[in-house]
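Observations on the three-dimensional arrangement
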Amino acid sequence: ACTGIENIDEAITLLEQNNWDLVAAINGVIPQENGILQSEYGVETLHGPAYGPTSHSAAASSAPSSSSAFRHVVPSRQIVERQPRMLDFRVEYRDRNVDVVLEDSSTVGDIKHILENELQIPASKMLLKGWKTGDVDDSTVLKSLHLPKNNSLYVLTPDLPPPSSSHSGALQESLNQNFMLIVTHREVQREYNLNFSGSSTIQEVKRNVYDLTSIPVRHQLWEGWPPSATDDSMTLAVSGLTFPCHRLTVGRRSSPVQTREQSEEQCTDVHMVSDSDGDDFEDATEFGVDDGEMFGVASSALRKSPMMPENAENEGDALLQFTAEFSSRYGDCHPVYFIGSLEAAFQEAFYGKARDRKLLAIYLHHDESVLTNVFCSQMLCAESIVSYLSQNFITWAWDMTKEANRARFLTMCTRHFGSVVAQTIRTQKTDQFPLFLIIMGKRSSNEVLNVIQGNTTVDELMMRLMAAMEIFSAQQQEDIKDEDEREARENVKREQDEAYRISLEADRAKREAQEREMAEQFRLEQIRKEQEEEREAIRLSLEQSLPPEPKEESTESVSKLRIRTPSGEFFERRFLASSKLQVVFDFVASKGYPWEEYKLLGTFPRRDVTQLDPNKSLLEVKLYPQETLFLEAKE
């Protein structure tokens, strides 16, 4: 805005020379007497000898010295003296390269004088070509051309004979050389830099230009071919083109119908008419052009398959055909188009995690637009654009050539973006296509950030894509923050729910354990009661089965037994001496001490009575006439 410099390379070079000090860089370019910037920084001016031809190392070594010429000093009100800017030139002449370094205050004539000493060619015989601006003469000051730091030029010497060599060797060398053809498309005012080998023919050049401009060879109107280029089968090496760079202009003939006088007038200049009438028909046959094109039907409509079938029921199938046709026309280096419906593309781009979301780019193609071929081949298929789209966008495409497909997309557009966006696309003229829509998904709706028309450049397209990414990135960071906070809240809630679930599980397990314990106690109690009842029944049964206790005055021999229990109690009973030992055991068991659990011990001598034969009588086991026994639980 301050300096009027539009060349980015030149601007970056100026900033590098001033260590990226913006004020110093602007002061170094704008004359201070204009009063645009008041000087507050002193600038030391680097004075040195005039620069002549030098090697690459010398040119490289000059850059640091140039950048070090600017240094910050004590602020002052003095007028800043402008630092001379050094420019590097690589000049090509036939098989030689000469490096020249000059201040931007030098003139074009100064370059010629240096080259005169190096090449031994009079300066008056030189034509110095390769300037990116218009007319340049020997008195032109380099500063006025706004050149970048590094420049490439070449020297032409049309008035000097070529160096002596064998004709076959020179021809072979020319065939191996590469020619840069700068072709200007007159109607759209666009330049194409095309590289061709010397063995390529003029016909091949015109066919390649046909692919770029969609102007059939028979309708191409040329300017700039040398007078010697009289036959399209001629190679570039022998056509007389300027090496290494030659400028040409091409346009479309106003009408295929011409008067005889117009035809004869144009055919007198081989630079204006591309081919003869006979060649027209040969070109038409070779490129598959039928009689329809001869009478004004567009060749692209006849030679190309449609990008998308009309009234396609399945959007995925339509996109498959679109991708295949796009690759066949413009090569495999192109954006990766999403195969599926527009709703599926929304789902892929907008409804994942915030970190994984992307912008949606919708490419609207139109075969009848004059900008389509250039936009697809030069912009959409540029490696930088393809790489940037693949990293940051989901790209979806649609063909607007057929009216049915156009109406279908407008319906989708109204449903997803609203009537305003649909009306904007509906009012676009054919020549404004192709369109590139940049869509950003929001919580409640989908927002169209940008509508890019086909009449743009690669740099402008990239800048608009990057601008959209900046807006999207800011929104994405907010979404990521909200999503992280929401996930943190959900994690806390999940942890609380999990802790509550674990607590419930623990309570339930504890309750079930208690219930099991109570059930087990109840079961054991029941068993104990049953056992007690069984023992009581056995005891009663034994008690009832005992023979009656004999009286003391009985005439039979009676044995009196005194039995001590483990608790210290005693109970006594009289038995007949002839009674069996089993009767004693039954008596003890009837008192609650079954012999299976207790043993009956004698005192003198100590013996285990339960080990004796229960069928023997008390007399036989010596428990007569009386005995004291005690009970002891078995281990």
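Coordinates for the structure precede this section.
I will try to describe carefully the structure that is included in this document. Since we're looking at a predicted model, the values are computed, not measured.

With respect to topology, four strands assemble into an open sheet ordered β10-β9-β11-β12, the strand pairing being mixed. With one partner strand each, in any of the chains shown, β10 (393–399) and β12 (446–452) form the two edges of the open sheet. For this sheet, the mean angle separating the axes of adjacent strands, direction not counted, is 25°. When strand β9 (residues 359–365) meets strand β11 (residues 435–441), the two strands line up antiparallel, connected through five bridges. Residue pairing for β11: leucine 360 is matched across the bridge by isoleucine 439. Where helix α13 (residues 372–380) meets the sheet, it contacts β9 and β11, and its direction lies at approximately 145° from that of β9.

Moving on to a nonpolar patch on the surface. On the surface, Ile8, Ile12 and Trp20 cluster together to form a nonpolar patch covering roughly 330 Å² of accessible area. Here tryptophan 20 is to be found in the loop between α1 (8–17) and α2 (22–29).

The next subject is α1. Those residues of α1 that fall on the buried side of the exposure criterion are Glu10, Thr13, Leu14, Leu15 and Gln17. N-cap assignment for α1: the residue whose side-chain oxygen lies 2.9 Å from the backbone N of aspartate 9 is asparagine 7. Positive backbone phi, at 55°, marks asparagine 19, one or two positions downstream of α1.

On the basis of which strands lie adjacent, the open sheet formed by four strands has the order β2-β1-β4-β3 and mixed pairing. Only two strands of the sheet have a single partner each, and these edge strands are β2 (96–103) and β3 (127–129). Neighbour-to-neighbour, the strand axes of this sheet turn through a mean angle of 30°, independent of strand direction. Where β3 and strand β4 (residues 150–156) come together, three bridges link them in antiparallel fashion. Following the sheet pairing, leucine 128 is matched in β4 by valine 155. Contacts between helix α4 (residues 108–119) and the sheet are confined to β1 (86–93), β2, β3 and β4, with β2 contributing the most and set at about 140° to the helix.

The topology assignment puts histidine 334 in the loop between α11 (315–330) and α12 (342–350). The exposure class of histidine 334 is buried, given its relative accessible area of 11%. In this structure the side chain of histidine 334 is engaged in a polar contact, spanning 2.7 Å, whose partner is the side chain of serine 327. With residues near it in sequence (within four places) discarded, histidine 334 still touches Thr323, Phe326, Ser327, Cys381 and Val386.

Conventions we followed
- Residues numbered from 1 in each chain as written.
- Predicted model: local features only at pLDDT ≥ 70, side-chain atom pairs only at ≥ 80, totals over all residues.
- Heavy atoms only, no water.
- Pairing = 2+ DSSP bridges.
- Helix = DSSP H or I, 4+ residues; strand = E, 2+ residues; numbered from the N terminus.
- Axes fitted to C-alpha atoms, helices over the stretch in contact; angles between N-to-C directions.
- Contact = heavy atoms within 4.5 Å.
- Patch = residues over 30% accessible without salt bridge, like charges linked within 9 Å, V, L, I, M, F, W, Y side chains within 5 Å.
- Areas by Shrake-Rupley, 256 points an atom, 1.4 Å probe, with all protein chains shown as cover.
- Salt bridge = Lys/Arg side-chain N within 4 Å of Asp/Glu carboxyl O.
- Buried < 20%, exposed > 50% of the residue type's maximum accessible area, 1.4 Å probe, protein only.
- Polar contact = N/O pair within 3.5 Å; in protein donor to acceptor, adjacent residues only side chain to side chain.

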